[in-house]
Every structure is written in structure tokens, then in C-alpha cells.
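Structure assessment
If you want the building blocks of each chain, they are given just below.
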Amino acid sequence: MSEHADRNLTRDRTAMEMQRATEVVRVPEEERLLVSLGHIGGALLSDTSVEVILRSVAEGTQTAVECADIVSVTISRGEGLYTPVATGEVARKLDSVQYESKEGPCLEALSTGAVVNAVLEAKKSHWPAFVGAALAEEIRSMLSMPLQAREQRIGALNIYSRDDRTISERDLCTATVLARQASVVLANALAFSRVAGMNDQLHEAIRTRDMIGQAKGILMERQGCDPDTAFDMLRRASQRENRKLRDVAADLVRSTQHRRPGR
Amino acid sequence: MRNLPGPTDIQQGPGPADIQQGMKRASLELIRLWLGYYSLGGNLAPEQLRAYLSGTGILSGTQYDMLAQALNDVFLEGGFDHPVAYTRE
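The following refers to the structure shown. (Residues numbered from 1 in each chain as written. Chains lettered and ligands numbered in written order. Predicted model: local features only at pLDDT ≥ 70, side-chain atom pairs only at ≥ 80, totals over all residues. Heavy atoms only, no water.)

Some remarks on the pairing of strand E5 (residues 152-161) of chain A
Residue and element names in this part refer to chain A. In plain terms, the rule: Think of it in three bands: with a 1.4 Å probe and only protein chains considered, a residue is buried below 20% of the maximum accessible area for its type, exposed above 50%, and partly exposed in between. To qualify as a helix, a DSSP run of H or I must reach at least 4 residues; to qualify as a strand, a run of E must reach at least 2; elements of each kind are numbered from the N terminus. The pairing criterion for strands is at least two bridges between them, as found by DSSP.
Counting buried positions along E5 gives eight out of 10 residues, so the element sits mostly inside the fold. Inspection of the sheet shows strand E1 (residues 70-77) paired to E5 by six bridges, in the antiparallel sense. Residue pairing in the sheet places Ile70 in a bridge with Tyr160 of E5. In this structure, strand E4 (residues 141-149) lies alongside E5, joined through nine bridges in antiparallel fashion.

See below:
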């Protein structure tokens, strides 16, 4: 083998070793992301509340995104914003500053639907109240990613960092994967929670309907009237006493039960 | 003595527009109105209620009064005394 070919072989080996070394370095990050996604998936599959699922998203993000010092999730409900979970009190506090001052990366991500990746020192004049509060807590950069379900913006994943550089492309990619996962989890969880809530309300409505049916039966027996007339009597009593009809009916059923002999 | 209307009486006076106005004022979704109406003994399915509110179909006086009562029960929580009119006083 010539000296030239030998040098080329050595260079190729060196390149291969460097590539292997790089792969060794990259594995833990990929593992961290996989572990985080696994935890989020596990929370989704088990019988847990929305808050527990969001906590797994926030903790998973803090684990997988290298620059993340503290993570929170903002949820938009009705006219208001709130923070159901945060991995540290500082994030909760800085989220509140943004909601109250109506400025900051989280609000911008929610209003524009775009990712906001900001070095805070450079944004002093743009978000004066928020940047002042963040720097006082030694938070120097922030990544806020909108969480979307179909066309609706339902919240934001907020990553607070003490690093004073723009959050890296790699961290941005990892956070994007997690934010997408979080959007799916959140949209499903909110839909499920709504259905479960409706189910509880339907059961309550069935119980009330039954109780009002009993009250109407009592009136029909006492007054010798038909069901519509019995309802009308309850309705008039509700209006006269300025009380809900179901409360009037419940009193009637209770008083009748108490009057029965041996009870 | 005046005969009280029976189950087949056709509702006169207030109509779907009054219920819609009450829903708007109370910020009440149709499904929440239906739950309240159903709990009072209402017989319409949610889709039938939607059709009634859009101007299709008629209701007996009692079924209408159940809708009005469902709304008034919501208003009572806010301290308002039965602002939605019934078919009869």
C-alpha cells in the first residue's frame, strides 16, 4: 500500500471514529426524547386526569430539551389563560406576569400561532414588564410553542432557560415533536373530559327527572289532575316562591315521605 | 272554572325566538338547555329541540313551559326572577 493510500485510510478511519463518537453523544438525547414520549403516551393510556397528562408533558419536555430549565403549559379557556402545570414556581410566576401584562412570548405564540424563540435581553422594549420579571429570576431566553387542536389554539408549551442564547435548532426540533404530542394529548383529553362531564350531567338530569316525576305523581293523586296540570302547579310554585322547580319538587317529595306512617 | 290545557294544546304566545333570546342572554348552549329541559320531564330529543328553535315544528304549551322553566332556573342562579315568559301566567 502506498504512503498516499495509507494516509487516506487513516483519514477515513478517523472520520468513522468521529462519526461513531458523535452517534454515541447523540443517543442519550434521542433516548431522552423517546423516554419522554413514552411517559406521555403512558399517561394518555392510563386512567388519568388532564392535569396528570399535562404534568407528564411538562416534565418530559424538561427532560428531553437540553436548554429547558423550567417548563409550563398555558391553557386558554373562555376569555382567560391559566397555568395548570409547571415544573417550577418561577414558571408559574412568569406565566402570570404575561397574563396580567398581556405581553410576552406565550401570549405572542397564542395570538399568532407561530413559535416564539426569544433572547429576552433583546426584547426589553418589546415586553418591558415580562422581561424585567424574567431577568430578575435569571431567565434569559424563552421558547413558547402554540398547542393547536385542528384550527383552534388551545394553549402553549413554555420553555424557560437560563441560557442567554437563542434556543438551538436541535432543541427546537425536540420541542416541536413534544408540542405536537402535547396538542394531540390535550385535544383528546379535553374532548374526553367534556364527554365525561356531559355524562355526569346526564345522570344528574335523569335523577332530577325521576324526582320531578314523583312530585307530579303526588300532585296527580292529591288533586286528581293530569301530568301537565301537575307540572303547571310546580311551575307556578317555582315562580311564586322564586325557587328552582326541582327544589320545589324535592321539598314536596321529602314532606310526603316524612308524612308516611312508620317512616 | 277554566279548563287547563292538556298535552295536545298548541303553544300560543311566546315562541322559539323568546327561547333563543333567553339562551343568548344566559350564554347557554343548546345541549345545556336540553339537559335542563329533559330533567324537568321534556320529551324532545336534542335534534328535535334544535329543529324547533330553528322554526321547524310546534310544541305543546307544557313542553314550551318546560323550556322556559329550564332557562328561568338558570336565571335564578344569577338572581333574576323568571324573565322568560310562559305560555300562561
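Brief notes about the layout of surface pockets
Put simply, the test is: Only protein atoms enter the calculation, which uses a 1 Å grid: trapped sets of points that fit a 1.4 Å probe without letting it out are cavities, open sets showing protein on both sides within 12 Å along at least five of seven lines are pockets, and any residue with an atom within 4 Å of a point is a lining residue. Grid points are joined across faces, edges and corners, and a volume is the space filled by probe spheres set on the points. Classification convention: Asp, Glu, Lys, Arg as charged; Ala, Val, Leu, Ile, Met, Phe, Trp, Tyr, Cys, Pro as nonpolar; all other residues, Gly among them, as polar.
Put simply, the second largest pocket is a space of about 400 Å³. Going through the elements one at a time, helix H6 (169-223) of chain A together with helix H2 (30-39) and helix H4 (61-77) of chain B are the ones with two or more residues in the lining of the second largest pocket. Taken together, the residues of the lining of the second largest pocket break down into seven nonpolar, four polar and six charged.

Quick word on the packing of aromatic side chains
The line we're drawing: Aromatic contacts are taken between Phe, Tyr and Trp rings whose centres are within 6.5 Å, Trp giving its six-membered ring; a plane angle under 30 degrees counts as stacked, one over 60 as edge-to-face, and the others as tilted.
Enumeration over the complete set of coordinates arrives at three aromatic pairs over all chains. Seen from their ring centres, Trp127 of chain A and Phe130 of chain A are 6.5 Å apart, and the 70° between their planes marks the pair as edge-to-face. You can call Phe130 of chain A buried: its relative accessible area is 0%. With a centroid separation of 6.2 Å and an interplanar angle of 90°, the aromatic rings of Phe75 of chain B and Phe80 of chain B are classed as edge-to-face.

Structural notes on the environment of Ile167 of chain A
Residue and element names in this part refer to chain A. Just so we agree on the cut-off: In what follows, a contact means two residues having at least one pair of non-hydrogen atoms within 4.5 Å.
Position of Ile167 among the secondary structure elements: in the loop between E5 and H6. Taking the C-alpha atoms as reference, Ile167 lies 9.4 Å from Glu66; in sequence the two are 101 residues apart. Sequence-distant contacts of Ile167, defined by excluding residues within four places in its chain, comprise Cys67, Asn117, Ser141, Met142, Leu143, Ile159 and Leu172.

Section: H4 of chain B
Residues and elements named next belong to chain B. Here is the rule: Take the residue count of a helix, subtract one, and multiply by 1.5 Å to get its expected span.
Here H4 contains 17 residues, and its C-alpha end-to-end distance of 25 Å stays within 8% of the 24 Å for a straight helix at 1.5 Å per residue. Counting buried positions along H4 gives 15 out of 17 residues, so the element sits mostly inside the fold. Once H4 ends, the next one or two residues include Gly79, with phi positive near 85°.

What to know about the nonpolar core
Stated precisely, the cut-off is as follows: Working definition of a nonpolar core: buried Ala, Val, Leu, Ile, Met, Phe, Trp, Tyr and Cys residues. They are joined through side-chain atoms within 4.5 Å.
Core analysis: the biggest nonpolar cluster contains 41 residues, and Leu234 of chain A together with Ile19, Leu33, Leu49, Leu53, Leu67 and Leu71 of chain B have the highest contact counts within it. If we skip the residues at most four places from it in the chain, Leu53 of chain B touches Pro16, Ile19, Gln20, Met23, Leu30 and Leu33 of chain B. Residues Leu54, Val71, Val85 and Met145 of chain A belong to the second largest nonpolar core, which totals 25 residues.

Points about the environment of Asp251 of chain A
Structurally, Asp251 of chain A can be placed in helix H8 (residues 245-259). Counting along the chain gives 36 residues from Asp251 of chain A to Ala215 of chain A, while the straight-line C-alpha distance between them is 8.9 Å.

Quick word on the pattern of salt bridges
Here is the rule: Whenever a carboxyl oxygen of Asp or Glu lies within 4 Å of a side-chain nitrogen of Lys or Arg, that contact is scored as a salt bridge.
Under the criterion given, the structure shown has 14 salt bridges over all chains. Two residues, Glu137 of chain A and Lys93 of chain A, come together in a salt bridge whose shortest N-O distance is 2.6 Å. Placement of the pair is Glu137 of chain A in the loop between helix H5 (128-136) and E4 and Lys93 of chain A in helix H3 (residues 89-101), with a sequence separation of 44 residues. A residue is classified by how much of its surface remains accessible, and Glu137 of chain A, at 22% relative accessible area, is partly exposed. Residues joined in a network through salt bridges with shared partners are Asp232, Arg235 and Arg236 of chain A together with Asp65 and Arg88 of chain B.

Comments concerning the interface of chain A and chain B
Convention followed: The term polar contact refers here to a pair of N or O atoms within 3.5 Å; inside protein, the definition further demands a hydrogen-donor-capable atom paired with an acceptor-capable atom, and it admits residues adjacent in sequence only when both atoms are side-chain atoms.
Listed as interface residues are 23 residues of chain A and, on the opposing side, 28 residues of chain B. Viewed at the interface, chain B and chain A are joined by two salt bridges. Counting across the interface, chain A meets chain B through 11 residue pairs in polar contact (both at pLDDT 80 or more). Sort the elements by how many residues they give to the side of chain A that touches chain B and H6 of chain A lands first, with 10 residues. Looking at side-chain class alone, the side of chain A that touches chain B contains seven nonpolar, six polar and 10 charged residues.

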